[in-house]
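# Report on the structure
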Amino acid sequence: MYTLTRQTLRFFTLALFTVLLALAGCQTAPPKGLSAAQIAVLKQEGFRLTDDGWAFGLSGKVLFGSDLEVLNKESHDIVDRIAKALLGVGIERVRVDGHTDASGKDAYNEQLSVRRANSVATVLEQAGMKRQNIQLRGLGSRVPVASNDTVEGRTENRRVSIVVIAD
């Protein structure tokens, strides 16, 4: 009888310990999604909710000249401001999507769009984001926002989008 009681006590002690560990693990799990403060900053900076996450809106997109990958001073300052605002509310991971107009060959446009995304990632990194938290995508001319049949449309399509994904 003494052995059974001792075994029962061990079993319950082990079970209690396991339950306490599980509960402690539940309490330390990070919250999913974005906080209200983070969403407010995204909206304030011109991001809009899309199917991919919060994307830096069309009205504030980063534009490039034809066949150029270097940010001008104004675009550099916009990206720097956005990076600091995101970091200020604890958003440390972004995706940068580079785009081109439809001029030129597809393979070249893919490479150019990656270089554009990389130029934005460099500014994000200089502002304090860790490079490993910046995902790059070169989309070439596959996702136009305007017609490539006009000069204005091609200008609109030469851009980089900064996307925040709520994981």
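So, here's what we can say about the structure. Keep in mind that what you see is a predicted model, and the values were worked out from it rather than measured. (Residues numbered from 1 in each chain as written. Predicted model: local features only at pLDDT ≥ 70, side-chain atom pairs only at ≥ 80, totals over all residues. Heavy atoms only, no water.)

## Some points on the packing of helix α3 (residues 73-88) against helix α4 (residues 106-126)
Between α3 and α4, the least distance of the axes is 9 Å, while the angle of their chain directions is 50°. As the angle between them shows, α3 and α4 are arranged oblique. Of the two elements, α3 crosses α4, and the hand of that crossing is right-handed. Contact with α3, carried on its side by His76, Val79, Asp80 and Ala83, involves Val120, Val123, Leu124 and Gln126 of α4 and no other residues of that element. Across the contact of α3 with α4, the residue classes tally to five nonpolar, two polar and one charged. (Axes fitted to C-alpha atoms, helices over the stretch in contact; angles between N-to-C directions. Helix = DSSP H or I, 4+ residues; strand = E, 2+ residues; numbered from the N terminus. Parallel < 35°, antiparallel > 145°, perpendicular 65-115°, else oblique. Left-handed = near helix turned anticlockwise from the far one by under 90°. Contact = heavy atoms within 4.5 Å. Nonpolar A, V, L, I, M, F, W, Y, C, P; charged D, E, K, R; others polar.)

## As for the side chain of asparagine 157
Its place among the elements puts asparagine 157 in helix α5 (residues 151-157). Residue asparagine 157 is classed as buried on the basis of its relative accessible area of 0%. (Buried < 20%, exposed > 50% of the residue type's maximum accessible area, 1.4 Å probe, protein only.)

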